[in-house]
Amino acid sequence: MMSPAVKQSAQRKAYLNANIIAPAQGLNGRGGILIEDGWILAVGPKVTKESIGAGTASFDCAGATLIPGLIDMRVFTGEPGTEYRETLATASEAAAAGGVTTMIVMPNTQPVIDDAAIVDFILRRARDTALVRVAPMAAITKGLAGELMSEIGGLKEAGAVAVTDGTHAVANANLFRRALTYAKDFDMLVVQHVEEPSLSKGVMNLSESASRLGLAGNPSMSEVIMLERDIRLVEMTGARYHASQISCAASLEVIRGAKAKGLPVTCGVSIHHLTLNENDIGAYRTFFKLSPPLRTEDDRRALVAGVADGTIDVIVSSHDPQSADTKRLPFAEAAFGAIGLETMLSAALGLYHNENIPLGRLVEVLSSKPAEILGLETGRLAPGAPADFALVDLNMNWTVEETQLCSRSKNSPQEDRTLEGRVIETVVAGRTVYAYAR
Amino acid sequence: MTSPSRRSPLLKGQHLLAVDDISPLEINALLDLAETYVSEGNGPQRNPILQGQTQVNLFFEASTRTQSSFEIAGKRLGADVMNMAMSSSAISKGETVLDTAMTINAMRPNFLVVRHQSSGAVELLAQKVSCSVINAGDGQHEHPTQALLDALTIRRRKGSIEGLTVAICGDVLHSRVARSNIHMLNKLGARVRVVAPSTLLPTGIANFGVEVHRNMRDGLEGADVVMMLRLQLERMSGAFVPSQREYYRFYGLNEEKLRYAKPDALVMHPGPMNRGIEIDSNVADGAQSVIREQVEMGVAVRMAVLDALSRNWLGAKS
């Protein structure tokens, strides 16, 4: 279940003359899309000025690329509890500007999303205030404390699309085994932050750079160990499991092995880990302090290859708004996290332009695959599907400026970078929620 | 009167934050200047060049010797010195490093001497203030004036640092002194070794331009200088090494282990020492020890740093 986009557009409208990319529907080339009441009526090369009839409003895309709206599986907001960082409304503005039409929000709020009433609160607040669709993941353990299982069945009924402890790993193997076993009965996806806590006391990647900066490091094996343990538990229980973000080359091997065995395992990677590495930290730049940490350039390249070859299933923004209060501190004391909703697609297009990831593959990992993993009806361009899509100018250069960002927090690691490609219009349920002001 | 040559600029930057940032040329100029303060007896100056200047010692982490050394250095040059022990002050009321720094900056001191428990904190603070900032130790990152005083001590005893073999022994992992000294000694042309159990060595240390040894016999073999590091007591009880007893047995410097080094090798320690743990009293107080001299050189080096940094803004004013 997702927050319904109440502000549907009743008007029948066509977007014509677009370059439509939706590999899951076999669309790759010139065509149009006809929408009404928030739904897609027709899509493809046959939707033209002539075919839609004279009475239908139409917009000439002039060759711009049209893709299904992005589904971001890892978004943190400050609602409820720390609204000064971000609300569902401000996050949704950032999402709309980035072509993201569905945000999956994390349970790391105050109070924690570990109760059906809080799930309901999120869905109602999103319905009333957000520009894009919102669905929450709920906590695996009560209060994210890693001790007692939350009411997974009730949370699912209330509308949670998966369970996760968000920024925390469930470290207790026996508890995690039970949670997997129980979640399987409800066909609930279990999403894990893969990090062995006892090996993860550091603040950046364990490396020569960390030694030079005098910062404590986390070894990539911390991730690999947790991932390997979890996959054994998936083998035991048969539950659907998703590693929220992997960050290193060694994890790709583990995921490949699990998939080769036919286990119900998927994984994600953040856009940060695909476009940045540990050297970007430079002289203690806290916007690059992430969990898991940015790793080496070799790891980054391996992750890009993992997206291309299908080992990695989804790209997430891992959008985590942090205020100056928590970031303008000495590196070790600063909060983890970076925002990314607004820049995820543009940064990902850099992989298309410069690192040979096909555009169709990007659409899969940013939209259709997350929809499939979460069982959402969005993420596709087909008659009868929700009219959620984005129009993109693949070649427009733009510079990320703090003052232009919609997010309430400005901790963007892409700040001052020039990106190639940007969203020019975002449509949710047939309604334009963002239009680039040229 | 000050001669023009004596007051010519020595440092390019406004601050002294890290040895890694300064050139061998700058280092040698600082050491030469410090030498003049030593030869003048290290005492109160006939020409108090910092008269009317304000130096604030901002110590977020407790320190006895470094803080008093900076205080004496400033006073001998005629500066007004104020000490702020931050552990008992605003920080414990929830104020951030930057707020504290900007508050003090608004009172327009000329120097801020800062120690902080977090790596990079002093650099962060330096970005926000208009005065000259001197790093008196940040986390596990750098402690540049300690490396300068160590270099001065070695240079005075050995004539030159180039070509010497220096063994840095002990808790390299957690030591800002070790990092600053590795950079310093490499820049001055020494051969640097580190000697420690692998649990106390940082990842990638071999790429810092050092030879890595895991036992004292190999590490001290033929060394001209043996530099011991302090091992914090809480790290000796099973977390990084099994026990004090075991650490002393394999890595504590006693007369027997010192014999692996050259007969005239210098023994150094940045202090405070754990006698009987990383260093034996016989060695610490022995003929080869220059540990007290290090403290003396500390004052001269800090006078030189204050002097050198003041030239930049005094120069800009005139």
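(A) Region of interest: the overall build of chain A. The secondary structure content of chain A amounts to 12 helices and 18 strands. The globule rule puts the C-alpha radius of gyration for 438 residues at 22 Å, and the 21 Å found for chain A is close to it. Based on the C-alpha atoms only, the size of chain A along its principal axes is roughly 65 × 45 × 45 Å. A sequence separation of at least 24 residues applies to 76% of the contacts in chain A between residues at least 6 apart. Here chain A displays about 15400 Å² of accessible surface, and carbon together with sulfur accounts for 49% of that area. Positive and negative side-chain charges of chain A, numbering 41 and 50 respectively, have mean locations separated by a distance of 2 Å.

(B) Main features of the pairing of strand β5 (residues 165–169) of chain B. All names here are of chain B. For β5, a buried count of 5 out of 5 residues is recorded, marking the element as mostly surrounded by other parts of the structure. Handedness of the crossover joining β5 and strand β6 (residues 191–195) through helix α6 (residues 176–187) is recorded here as right-handed. As paired strands, β5 and strand β8 (residues 225–228) are joined by 4 bridges and run parallel to one another. Across the sheet, residue Cys169 finds its bridge partner in β8, namely Met228.

(C) Expanded view of the interface of chain B and chain A. At the junction of the two partners, chain B supplies 23 residues and chain A supplies 16 residues. Here chain B packs against chain A, burying approximately 1500 Å² in sum over the two surfaces, 54% of which is carbon and sulfur. Considering only the side of chain B, the residues that lose the most area to chain A are Ser119, Thr203 and Phe208 of chain B, jointly responsible for 30% of the buried surface there. Linking chain B with chain A are 0 salt bridges. For the pair chain B and chain A, the number of links is 7 residue pairs in polar contact (both at pLDDT 80 or more). Broken down by secondary-structure element, the contributors of at least two residues to the side of chain B that touches chain A are α3 (97–106), α4 (121–126) and α6 of chain B. Residue classes in the side of chain B that touches chain A are distributed as 7 nonpolar, 12 polar and 4 charged.

(D) Here's a closer look at the pattern of salt bridges. All names here are of chain A. Evaluation of the coordinates by the stated rule reveals 32 salt bridges over all chains. Taking the shortest distance from any N to any O, the salt bridge between Arg240 and Asp187 comes out at 3.1 Å. Of the two residues, Arg240 sits in the loop between α6 (221–237) and β13 (241–243) while Asp187 sits in the loop between α4 (173–185) and β10 (190–192), which places them 53 residues apart along the sequence. For Arg240, a relative accessible area of 28% puts it in the partly exposed group. Given a relative accessible area of 45%, Asp187 falls into the partly exposed group.

(E) Helix α12 (residues 359–374) of chain A, seen in detail. Residue and element names in this part refer to chain A. Spanning 16 residues, α12 covers 22 Å between terminal C-alpha atoms, matching the ideal 22 Å at 1.5 Å per step. The largest bend in α12 is about 45°, located at Val365. Across the 16 residues that make up α12, a large majority, 12, are buried. Along α12, the positions that sit buried rather than exposed are Leu359, Arg361, Leu362, Val363, Val365, Leu366, Ser367, Ser368, Pro370, Ala371, Ile373 and Leu374. Looking one or two places after α12, you find Gly375, whose phi comes out positive at around 70°.

(F) Molecular detail of the packing of aromatic side chains. Residues and elements named next belong to chain A. This model, assessed by the stated rule, comprises 5 aromatic pairs over all chains. Summarising the aromatic geometry, the rings of Tyr15 and Phe389 are spaced 5.1 Å apart at their centres and angled 85° between planes, so their arrangement reads as edge-to-face. Linking Tyr15 in strand β1 (residues 13–22) with Phe389 in strand β16 (residues 389–399), this pair joins segments that are 374 residues apart in sequence. We classify Tyr15 as buried; its relative accessible area is 0%. Note on Phe389: relative accessible area 0%, which makes it buried.

(G) Here's a closer look at the sheet that holds β5 of chain B. Residue and element names in this part refer to chain B. With parallel pairing, the 5 strands of this open sheet are ordered in space as β7-β6-β5-β8-β9. Only two strands of the sheet have a single neighbouring strand rather than two, namely β7 (211–213) and β9 (266–268). Across the sheet, the mean angle separating the axes of adjacent strands is 20° when strand polarity is ignored. Bridging between β6 and β7 involves 3 bridges; their strand directions are parallel. From the neighbouring strand, Arg193 faces β7, where its bridge partner is Glu211.

Definitions and limits used
Residues numbered from 1 in each chain as written. Chains lettered and ligands numbered in written order. Predicted model: local features only at pLDDT ≥ 70, side-chain atom pairs only at ≥ 80, totals over all residues. Heavy atoms only, no water. Helix = DSSP H or I, 4+ residues; strand = E, 2+ residues; numbered from the N terminus. Rg over C-alpha atoms; globule rule 2.2 N^0.38 Å. Contact = heavy atoms within 4.5 Å. Areas by Shrake-Rupley, 256 points an atom, 1.4 Å probe, with all protein chains shown as cover. Lys, Arg positive; Asp, Glu negative; His and termini not counted. Charge placed at Lys NZ, Arg CZ, Asp CG, Glu CD. Buried < 20%, exposed > 50% of the residue type's maximum accessible area, 1.4 Å probe, protein only. Right-handed = clockwise from strand over helix to strand, strands pointing away. Pairing = 2+ DSSP bridges. Buried area = accessible area lost by both parts, 1.4 Å probe. Salt bridge = Lys/Arg side-chain N within 4 Å of Asp/Glu carboxyl O. Polar contact = N/O pair within 3.5 Å; in protein donor to acceptor, adjacent residues only side chain to side chain. Nonpolar A, V, L, I, M, F, W, Y, C, P; charged D, E, K, R; others polar. Expected span 1.5 Å × (residues − 1). Bend = angle between axes of the 7 residues up to and from the residue. Phe/Tyr/Trp six-rings, centres within 6.5 Å; stacked < 30°, edge-to-face > 60°. Axes fitted to C-alpha atoms, helices over the stretch in contact; angles between N-to-C directions.

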